[in-house]
Amino acid sequence: MPFALPHLVAGLIAVLVGYTSSVVLIIQAAAAASADAAQVSSWLWTLGIGMGVSCIGLSLYYRIPVLTAWSTPGAALLITSLGNFSLAEAIGAFIVSSLLITLCGISGWFDKLMRHIPAPLAAAMLAGVLLRFGLDLFKVAPQDPLLLGALLLAFLLGRHLWPRYTMVLVLATGMLLCTLRGELQLSEVHWQLSSPVWISPAFSIDALLGIALPLFLVTMTSQNMPGIAILRAHGYQPSTSALITWTGLTGLLLAPFGGYAFNLAAITAAICMGKEVDPDATRRWPAAVWAGGFYLITGCFGATVVALFSAFPTALVTCVAGLALLGTIGSSLHSALQQDGEREAALLTFIITASGISLLGVGSACWGLLVGVALHQVNRLRV
């Protein structure tokens, strides 16, 4: 595998953003299922190992940056729904949900659906998904103008002098400043290996309807659909059916240990697909392999890594994520709006996605695509 420092840094930032933004939801979901400390650690071990192996394996096989992730909306769903079921019933529901995802991949219907989404609409959805990260970047200004100013300066200098190493310089600057101000509390981190804990599943109709089906729908619409759209928006055309099938099989294998859902990543994937990673799109896949390596480490050390990522100030993670995604937001908007015939539908897709609305348990990205495709079809009928 070709080595370049931007690949490593992009992989690290992707994992850092993924964990700091939603790992607390995983812990809360496990607690809602009445999991004990060892079982919570097992959930974190399982998710880290599953994401790590799938990221590395799929990226090496397809030679494109394929990132997988846990289902963040799915975790939020579990927090509110697991309290009425036993842990064994929850595991059984995870298995059923992963089985449904696998069947979607094998049947090929999801691939056929994605083929009917115009590229400008996919790019608009991507820009809408990522917009909040760009906005959050400047929300840091009132509470920490020094940090934002230092990172912006590092970003501008990097873009001018060392374009490929821009995010390397930004991350190094942020960590140095936070260390000098005593904000990185790494002394509190104590390393301890985690291990998987088998939980025998139980199956019930109530758990199927209350957990499995909603988890399946949320994962497919709010995670896998944006994940595929992001790959295609960057010019990658993998076999959708194969990718969905592999994420489902990963869930089937690891569900008894707490792997509640695996899916294609969207936001963290975009971090590994920008021009800052590599000007040549065919050479960006090592960034996803590095991310997989970091996921394996986070899995092996489970809850300990949570403490490590918690040591990073929230403002630093917010700024680094926003700067890492600026290029992708800009290029996505350009791709979405450059065709006159698709501009109105793309703009509507972008606005609805960026709004963050959730109706009937379906996220804004899916609603944005649905409305955009509907308008696209209406415009075609006019012609």
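Let me begin by describing the structure that accompanies this report. (Residues numbered from 1 in each chain as written. Predicted model: local features only at pLDDT ≥ 70, side-chain atom pairs only at ≥ 80, totals over all residues. Heavy atoms only, no water.)

### Notes on a nonpolar patch on the surface
Note the threshold: To count toward a patch, a residue needs a relative accessible area over 30% and no salt bridge; like charges are then connected within 9 Å, while nonpolar side chains (Val, Leu, Ile, Met, Phe, Trp, Tyr) are connected within 5 Å. Here, Shrake-Rupley sampling with a 1.4 Å probe gives the accessible areas, and only protein chains in the shown set may cover a residue. Salt bridge, as applied in this entry: a Lys or Arg side-chain nitrogen positioned within 4 Å of an Asp or Glu carboxyl oxygen. Segments assigned H or I by DSSP are reported as helices when at least four residues long, segments assigned E as strands when at least two residues long, and all are numbered from the N terminus. Burial classes: relative accessible area under 20% of the type maximum marks a residue as buried, over 50% as exposed, and values in between as partly exposed (1.4 Å probe, protein chains only).
Side chains of Leu5, Leu153, Leu157, Leu161, Trp162 and Tyr165 sit close together on the surface and give an oily, nonpolar patch of about 570 Å² of accessible area. No other element matches helix 7 (residues 145-161), which puts three residues into the nonpolar patch. Using a relative accessible area of 46% as the deciding quantity, one classes Trp162 as partly exposed.

### Points about unusual backbone geometry
For Ser34, which is not glycine, the phi dihedral falls at a positive 65 degrees. Along the chain, Ser34 turns up in the loop between helix 1 (5-32) and helix 2 (37-62). In this structure, Arg63 is a non-glycine residue whose phi angle is positive, near 60 degrees. Along the chain, Arg63 falls in the loop between helix 2 and strand 1 (68-70). Looking at Arg63, the relative accessible area reads 44%, which means it is partly exposed.

### What about the packing of helix 14 (residues 314-337) against helix 15 (residues 340-355)?
So the rule is basically this: Axis definition: a line fitted to C-alpha atoms, over the contacting stretch in the case of helices. Angles run 0 to 180 degrees between N-to-C directions. Contact between two residues is taken to exist if any of their heavy atoms lie within 4.5 Å; hydrogens are not considered. Throughout, the ten residues Ala, Val, Leu, Ile, Met, Phe, Trp, Tyr, Cys and Pro are labelled nonpolar, Asp, Glu, Lys and Arg are labelled charged, and all others, Gly among them, are labelled polar.
At a minimum axis separation of 8 Å, helix 14 and helix 15 run at an interaxial angle of 145 degrees. For the pair helix 14 and helix 15, contact is made by Leu333, Ala336 and Leu337 and by Arg343, Ala346, Leu347 and Phe350, respectively. Of the residues that constitute the contact of helix 14 with helix 15, the class distribution is six nonpolar, no polar and one charged.

### What to know about the packing of aromatic side chains
Going by this rule: Working definition: a ring pair exists when centres of Phe, Tyr or Trp rings (six-membered ring for Trp) sit within 6.5 Å. Plane angles under 30 degrees give stacked, over 60 give edge-to-face, the rest tilted. We count a charge as sitting over a ring when the NZ of a lysine or the CZ of an arginine lies within 6 Å of the ring centre and within 35 degrees of the ring normal.
Under the criterion given, the structure shown has six aromatic pairs. Their ring planes at 85 degrees and their centres at 4.9 Å tell us that Tyr61 and Tyr62 sit as a pair that is edge-to-face. What makes Tyr61 exposed here is its relative accessible area of 65%. Judged by relative accessible area, which is 23%, Tyr62 ranks as partly exposed. Note on Trp198 and Phe257: the rings are 5.5 Å apart at their centroids and 75 degrees apart in plane angle, and the pair reads as edge-to-face. A residue pair is termed long-range when its members are at least 10 positions apart, and Trp198 in the loop between helix 8 (166-180) and helix 9 (205-233) and Phe257 in the loop between helix 10 (240-254) and strand 2 (262-264) qualify at 59 residues. Here Arg63 stacks its cationic end above the ring of Trp285, 4.5 Å away from the centre of that ring.

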